[in-house]
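Structural description and commentary
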Amino acid sequence: MPDRFHSDSGERVDYSVYSPGLVNSGNRISTTWTISATSEGSSTDTVPMTLPAPADKRFDILRIGTRSSLTVDSFNAGCTQLRCRIYVDTQHANNLLHDITIAAPGNTLTTQDCFSTTKATIYNLLKDGLAHNFIFYFWVNAGDAVLSVAQVWEGVGTSLAQSSPMA
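To keep things clear, this report deals only with the structure shown in the data block. What you see is a predicted model; the values in this text were computed from it and never measured. (Residues numbered from 1 in each chain as written. Predicted model: local features only at pLDDT ≥ 70, side-chain atom pairs only at ≥ 80, totals over all residues. Heavy atoms only, no water.)

Here's the deal with the overall build of the chain
To be explicit about the condition: Every helix listed is a DSSP run of H or I at least four residues long, and every strand listed is a run of E at least two residues long, numbered separately from the N terminus. Should any heavy atoms of two residues lie within 4.5 Å, those residues are considered in contact. The method behind every accessible area is Shrake-Rupley, applied with a 1.4 Å probe, and residues are considered shielded solely by the protein chains displayed.
The helix and strand inventory of the chain stands at 1 helix and 9 strands. Along the chain, helices (α) and strands (β) appear in the sequence β-β-β-β-β-β-β-α-β-β when read from the amino end. Counting only contacts in the chain whose residues sit at least 6 apart along the sequence, the fraction spanning at least 24 positions is 79%. For the chain, the exposed area adds up to about 9200 Å²; of that, 50% sits on carbon and sulfur atoms.

Given below as structure tokens:
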């Protein structure tokens, strides 16, 4: 009778560690930016960021969470709305990561999940382990707005809520 508890071809447990951390653009504004454009035109800033791909090819990244932080210091000369769009690599609808409307000065945090059925184009770009450009576009409805913080993060996992850190 064979020994059912011993086998040279039995189950083997391997351990692999993948901890890419959080990739952070840092604050893209050294002092302040004054935004006076009244339509989405040319980009205000571009930052390359790389989310490391797992070294072990058996792993697949299933979700990528992103978060943006914008601080508007003031609205001037009739401005009542600041718009910000953050694209990945190119200004195209499929590459639009964040589409933000701010109606009052202060800090605004936004989050976005990217996976195979939501923001799939961006998900497929970011999970490849290569550098990708996060491109900021700002404009106002009238007058101008002054910003002191423009920042974006990306990480493996899910953005649970706008007020909580990424998991």
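Having seen it, we continue.
Points about the sheet that holds strand β3 (residues 45-50)
Adjacent strands of a sheet form backbone hydrogen bonds with each other and so pair up, either parallel or antiparallel. Convention followed: A pair of strands is treated as paired once DSSP finds two or more bridges between them. In this analysis an axis means a line fitted to C-alpha atoms, helices contributing only their contacting stretch, and an angle means the value between N-to-C directions, from 0 to 180 degrees.
Pairing in this open sheet of 4 strands is antiparallel, and the strands run β3-β8-β5-β6 from one edge to the other. Looking at which strands have only one partner, the edges of the open sheet turn out to be β3 and β6 (96-102). Adjacent strand axes in the sheet meet at a mean angle of 20°, parallel and antiparallel pairs treated alike. Where β3 and strand β8 (residues 131-140) come together, 6 bridges link them in antiparallel fashion. Note on β8: the bridge partner recorded for Pro 48 is Asn 133.

Some words on the nonpolar core
To be explicit about the condition: Buried residues of nine kinds, namely Ala, Val, Leu, Ile, Met, Phe, Trp, Tyr and Cys, make up a nonpolar core once their side-chain atoms join them within 4.5 Å. Partly exposed residues are those whose accessible area sits between 20% and 50% of the maximum for their type, while under 20% is buried and over 50% is exposed, using a 1.4 Å probe and protein chains only.
Ranked by internal contacts, the top residues of the largest apolar core, which has 32 residues, are Leu 82, Phe 134, Phe 136 and Phe 138. Where this core is concerned, the elements lending two or more residues are β2 (33-35), β3, β4 (64-76), β5 (82-88), β6, α1 (120-126), β8 and β9 (144-156). Filtering out sequence-adjacent residues up to four positions away, Phe 134 remains in contact with Asp 45, Thr 46, Val 47, Met 49, Ile 86, Tyr 87, Val 88, Leu 97, Leu 126, Val 152 and Glu 154. In terms of nonpolar packing, the next biggest core, distinct from the first, is built from 5 residues, Tyr 87, Leu 96, Ile 135 and Trp 139 among them.

Considerations on the pattern of salt bridges
Convention followed: The salt bridge definition used is simple: a Lys or Arg side-chain nitrogen within 4 Å of an Asp or Glu carboxyl oxygen.
Within the structure shown, the criterion is met by 6 salt bridges. The shortest N-O distance in the salt bridge between Asp 45 and Arg 28 comes to 2.7 Å. With Asp 45 in strand β3 and Arg 28 in the loop between β1 (22-24) and β2, this residue pair connects regions lying 17 residues apart in the sequence. Note that Asp 60 and Lys 127 form a salt bridge whose closest N and O atoms lie 3.4 Å from each other. Here Asp 60 is found in the loop between β3 and β4, whereas its partner Lys 127 is found in the loop between α1 and β8, with 67 residues between them in sequence. Through salt bridges with shared partners, a single network forms among Glu 40, Arg 83, Arg 85 and Asp 99.

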